[in-house]
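# Survey of secondary and tertiary structure
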Amino acid sequence: MIQSKIVLLDIDYTLFDTAHHKKSNLLKYQVYTEVQETLSELVKIARLGIFSEGDLFNQKKKLRETNIDKFFSEEHIHIVEKKFDVVQQMLHAYRKKGQLFLVDDKLTILHIAKQLFPSVYTIWVKRGEYARKQKPIKDFLADAEVELLHEIVPIIANQ
Ligand SMILES: [Mg+2]
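Everything numeric here is computed off the predicted structure, so don't read it as measured data.

Thresholds applied
Each chain has its residues counted from 1, running along the sequence as written. For a predicted model such as this one, the threshold for reporting local features is a pLDDT of at least 70, and the threshold for listing and counting side-chain atom pairs is 80 or more; totals across whole chains, interfaces and linings nevertheless cover every residue. To get the side-chain values, take all heavy atoms of the structure and skip hydrogens and water. When a residue's accessible area, from a 1.4 Å probe over protein chains only, is under 20% of the maximum for its type it is buried; when over 50% it is exposed; and in between it is partly exposed. The way it works is that DSSP assigns letters per residue, a run of H or I at least four long becomes a helix, a run of E at least two long becomes a strand, and they are numbered from the N terminus. When DSSP locates at least two bridges between a pair of strands, those strands are taken to pair. Viewed with both strands pointing away, a crossover whose connecting path from the first strand over the helix to the second turns clockwise is right-handed. Only Phe, Tyr and Trp rings take part, Trp by its six-membered ring, and two of them pair if their centres are within 6.5 Å. Stacked means planes under 30 degrees apart, edge-to-face means over 60, and tilted covers everything else. As a rule, N, O and S atoms within 2.8 Å of a metal are its donors, except that Na, K and Ca use 3.2 Å; water is not among the atoms, so sites may look incomplete. Residues count as neighbours in contact if any of their non-hydrogen atoms are within 4.5 Å of one another. We call a set of buried residues a nonpolar core when its members are Ala, Val, Leu, Ile, Met, Phe, Trp, Tyr or Cys and they connect through side-chain atoms within 4.5 Å of each other.

### Comments concerning the pairing of strand β3 (residues 77–80)
- Taking every second residue as pointing to the same face, both faces of β3 are buried, with Ile77 and Ile79 on one and His78 and Val80 on the other.
- When strand β2 (residues 47–53) meets β3, the two strands line up parallel, connected through four bridges. Among the inter-strand pairings, Phe51 is bridged to a residue of β3, identified as His78.
- Between the parallel elements β2 and β3, the chain passes through helix α3 (residues 56–65) in a crossover that is right-handed.

### What about the packing of aromatic side chains?
- Scanning all chains against the criterion turns up three aromatic pairs.
- Ring centres 5.9 Å apart and planes at 80 degrees place the aromatic pair Tyr13 and Tyr130 in the edge-to-face group. Pair noted here: Tyr13 is in the loop between β1 (5–9) and α1 (18–23) and Tyr130 is in helix α6 (residues 128–133), with a separation of 117 residues, a long-range link.
- Arranged with centres 5.4 Å apart and planes meeting at 55 degrees, the rings of Phe101 and Tyr121 form a pair that is tilted.

### Topic: the coordination of the magnesium ion
- The magnesium ion binds to the protein through Asp10 (OD), Asp12 (O) and Asp105 (OD), with metal-donor distances spanning 2.0 to 2.1 Å.
- Coordination of the magnesium ion draws on donor residues from a single chain, spaced D-x1-D-x92-D in sequence. Of the two residues, Asp12 is situated in the loop between β1 and α1 and Asp105 in the loop between β4 (99–104) and α5 (107–116); the sequence distance between them amounts to 93 residues.

### A few points about the side chain of Gln59
- Position of Gln59 relative to the elements: it lies in helix α3.
- Look at Gln59 and you get buried, because its relative accessible area is 3%.
- The residues contacting Gln59, other than those within four sequence positions of it, are Ile11, Asp12, Ser52, Glu53, Gly54 and Ile79.

### What about the pairing of strand β5 (residues 121–125)?
- Most of β5 is tucked away, with five of its five residues classed as buried.
- With burial as the criterion, each face of β5 is covered, one bearing Tyr121, Ile123 and Val125 and the other bearing Thr122 and Trp124.
- As paired elements, β4 and β5 share four bridges and run parallel to each other. Its bridge partner being in β5, Leu102 is matched across the sheet by Thr122.
- Where the polypeptide runs from β4 across α5 and back to β5, its parallel neighbour, the crossover connection is right-handed.

### Concerning the nonpolar core
- Among the nonpolar cores identified, the biggest contains 31 residues, and Leu9, Leu15, Leu39, Ile68, Phe72, Ile123 and Ile152 are the most heavily contacted of them.
- Every element with two or more residues in this core is listed here: β1, α2 (35–42), β2, β3, β4, β5, β6 (144–146) and α7 (152–157).
- Contact partners of Leu39, with chain neighbours within four places excluded, come to Leu9, Leu15, Leu48, Ile68, Phe71 and Phe72.
- Listed in part, the 21 residues of the second largest apolar core include Phe51, Met90, Val120 and Ile137.

Have a look at this one:
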């Protein structure tokens, strides 16, 4: 049986250039340069969703203003106040839906996801202030590490 792939992506510092947004006093909205192309390739091989922290209105605005909202289906958009509070319940709900990939610039959330559900494939995007400050986590490495988002396409395709 071919299991379908589901990729849940973080917004800030993973898709969305949050540093640029902050520098512009929250006026400018842009995704990193390779994001549109990456998502249009990924959407051919997987269902795409969001797993993001923050205010629902603001996070959705980031998707809309950058014209990437079209890649995500509503049922797979999860915008929550604290990922740690919901990650177990959310991953549990996905366990029978397909092969799940989590893509995030925060290693800590990938770590907890892997501890809870070892079958989840974790991809760490080493970009932005959190990734830069992140110290190694004992006994944990993400399944893959990338610096640019387009690197995830062959990784997901080949899993
Ligand atoms: Mg982030």
